[in-house]
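Here is how the chains run, residue by residue.
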Amino acid sequence: MIIDFLYFQLLIVVLVIMLIASMFRILREYERGVIFLLGRFHKIKGPGFIILIPFVQQMVRVDLRIITMDVPSQDLISKDNVTVRVNAVLYFRVLDPQKAIINIENYLEATSQLAQTTMRSVLGQHELDEILSARDTLNADLQRILDQSTDNWGIKVTAVEIKHVDLDESMIRAIARQAEAERSRRAKVIHATGELEASKQLLEAARMLGQQPEAIQLRYLQTLTEITSDNSKIIVFPLPMELGKILQHITEPTGSPKDPQSPGEIT
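For every chain, the first residue of the written sequence is number 1, and numbering continues from 1 along that sequence. Thresholds applied to this predicted model are a pLDDT of at least 70 for local features of residues and 80 or more for the giving and counting of side-chain atom pairs; totals over whole chains, interfaces and linings are not thresholded and use all residues. Calculated side-chain values reflect all of the structure's heavy atoms, with hydrogen atoms and water omitted.

Caption draft 1: Highlighting the pattern of salt bridges. Salt bridge criterion: a side-chain nitrogen from Lys or Arg within 4 Å of a carboxyl oxygen from Asp or Glu. Across all of its chains, the model carries nine salt bridges by this definition. Across the pair Arg 144 and Asp 141 runs a salt bridge whose closest N-O atoms are separated by 3.8 Å. Within this pair, Arg 144 and its partner Asp 141 are both found in helix α5 (residues 135–149), separated by three residues, close to a single helical turn. Relative accessibility thresholds used throughout: buried, under 20% of the residue-type maximum; exposed, over 50%; partly exposed, between the two (1.4 Å probe, protein chains only). On the accessibility criterion, Arg 144 (41% relative accessible area) is partly exposed. Connected through salt bridges with shared partners, the residues Arg 28, Glu 31 and Arg 61 form a single ionic network. We count a stretch as a helix when DSSP gives it H or I for four or more residues in a row; a strand needs E for two or more, and each element gets its number in order from the N terminus.

Here's what the structure looks like:
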């Protein structure tokens, strides 16, 4: 009997120690405890040392740090009917632990599913070129929509970043051909623009030389100077156009013979 009584006392002591140990909780700086009193929300405690009443109060821990969530790859069809596969990364944190625990069953799973459906619906409204080039705008749109949708859950979406956009091999080849054609078009436009500017400069130079004929002679002398400074055996001498006019004037006869059958002559 004495042994049984000692065992009973030992059991009571162990139960009391376990009960006292279950009363104490320590929450880290980034943690908060949502306290329920007989199943009803009581208050939010933490961080630090807190005491709970056994069997009367229950606590749910909530992490307030920014959570990084990988959004799985989603197959979607863009506005111009191109099938792409897109994945992203989501950054969010809990602002209101009460809403995050009471208003939603599992805020992590709910946020992940909402991010997947939102990404499909938003990116499906844009063309492929916008998805590839305007990522900053799309990230801002996704962040704004998700933040508004999760506000009732006590969650703040801080950023959404699109990571990869995967295309089919045929579409990659088509984009490469389009880029090559675009580069060829730009090269032709640049070449034509250069020809136009050069023609304008030549026309302006011709007008200036026409106003000052002495400038042509100076240009001749400069050309001769450049030729003589070279070690080439071939020397090209530019013939002035005025000299050709003078020679033509000299070679012409002073008077032309009169036509004997001219109607103005009397025979």
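On we go from here.
Caption draft 2: Quick look at the confidence of the model for the chain. With 83% of its residues at a pLDDT of 70 or more, the chain has an overall mean of 83. Contacts for the low-pLDDT stretch residues 258–267, under 50 throughout, to residues beyond four places or in other chains number two contacts. Per-residue confidence from the predictor is reported as pLDDT, a score between 0 and 100. Two residues form a contact once any of their heavy atoms are found within 4.5 Å.

Caption draft 3: Structural view of the packing of aromatic side chains. Any Phe, Tyr or Trp ring, taking Trp's six-membered ring, that has another such ring centre within 6.5 Å forms a pair; planes under 30 degrees apart are called stacked, those over 60 apart edge-to-face, and the others tilted. On inspection of all chains with the given rule, the structure shows two aromatic pairs. Taken together, a centroid distance of 5.3 Å and an interplanar angle of 25° make the contact between Phe 24 and Phe 49 stacked. One end of the pair, Phe 24, is in strand β1 (residues 24–27); the other, Phe 49, is in strand β4 (residues 48–51), and 25 residues separate them in sequence. Geometrically, the ring pair formed by Phe 36 and Phe 41 is edge-to-face, given 6.5 Å between the ring centres and 80° between the ring planes. Of the residues examined, Phe 41 reaches a relative accessible area of 31% and is grouped as partly exposed. Both a distance and an angle decide whether a charge sits over a ring: NZ of Lys or CZ of Arg must be within 6 Å of the ring centre and within 35 degrees of the ring normal. Stacked on the ring of Tyr 30, the Lys or Arg Arg 65 has its end atom at 3.8 Å from the ring centre.

Caption draft 4: Summary view of the side chain of Gln 57. Locating Gln 57 in the fold gives a position in strand β5 (residues 57–63). Sequence-distant contacts of Gln 57, that is, excluding residues within four places in its chain, are made with Ile 35, Phe 36, Leu 37, His 42, Ile 51 and Leu 52.

Caption draft 5: Up close: the sheet that holds strand β6 (residues 67–77). The rule for pairing is simple: two strands pair if DSSP sees at least two bridges between them. Spatially, β6-β7-β8 is the arrangement adopted by the three strands of the open sheet, whose pairing is antiparallel. Looking along the sheet, the strands with just one partner apiece sit at the ends: β6 and β8 (155–166). Across the sheet, the axes of successive neighbouring strands diverge by a mean angle of 25°, strand direction being ignored. By the bridge criterion, nine bridges tie β6 to strand β7 (residues 83–94) in an arrangement that is antiparallel. From the neighbouring strand, Thr 68 faces β7, where its bridge partner is Tyr 91. The angle between two axes is taken between their N-to-C directions and runs from 0 to 180 degrees, where each axis is a line fitted to C-alpha atoms and a helix contributes only its stretch in contact. Packing against the sheet, helix α3 (residues 107–123) makes contact with β6, β7 and β8, and its axis sits at approximately 35° to β6.

Caption draft 6: Quick look at a negative patch on the surface. A contiguous patch of negative charge on the surface is contributed by Asp 80, Glu 127, Asp 129 and Glu 130. Within the fold, Glu 130 resides in helix α4 (residues 128–133). Under the relative-accessibility criterion, Glu 130 is labelled partly exposed at 35%. Patch building starts from residues that exceed 30% relative accessible area and form no salt bridge, then joins like charges within 9 Å and nonpolar side chains (Val, Leu, Ile, Met, Phe, Trp, Tyr) within 5 Å. Using a 1.4 Å probe, accessible areas were evaluated by the Shrake-Rupley method; residue-level cover was limited to the displayed protein chains. We count Lys and Arg on the positive side and Asp and Glu on the negative side, and we leave His and both chain ends out. Lysine's charge is taken at NZ, arginine's at CZ, aspartate's at CG and glutamate's at CD.

Caption draft 7: Spatial organisation of the side chain of Asn 87. Along the chain, the position of Asn 87 falls in strand β7. Among the polar contacts made by the side chain of Asn 87, one reaches the main-chain amide nitrogen of His 164 at a distance of 3.1 Å. Here a polar contact means two N or O atoms within 3.5 Å. Within protein one must be a hydrogen donor candidate and the other an acceptor candidate, and residues neighboring in sequence count only if both atoms are side-chain atoms.

Caption draft 8: Structural detail: the sheet that holds β5. One open sheet holds the three strands; their spatial order is β3-β2-β5, and the pairing between them is antiparallel. Each edge of the open sheet carries a strand with a single partner, namely β3 (40–45) and β5. Strand after strand, the sheet turns through a mean of 25° between neighbouring axes, direction not considered. Relative to β3, strand β2 (residues 31–37) runs antiparallel, the two sharing five bridges.

Caption draft 9: Just the nonpolar core, in detail. Ranked by size, the top nonpolar core spans 35 residues in total, and within it Val 84, Val 86, Leu 90, Tyr 107 and Leu 123 carry the most contacts. Looking at this core, the elements with two or more residues in it are β2, β6, β7, α3, α4, α5 and β8. Element by element, the count of residues in this core is highest for α3, at seven residues. Setting aside its immediate chain neighbours within four residues, Leu 123 contacts Leu 76, Ser 78, Val 86, Ile 131, Leu 138 and Ile 162. The term nonpolar core refers to a set of buried residues drawn from Ala, Val, Leu, Ile, Met, Phe, Trp, Tyr and Cys, joined through side-chain atoms within 4.5 Å.

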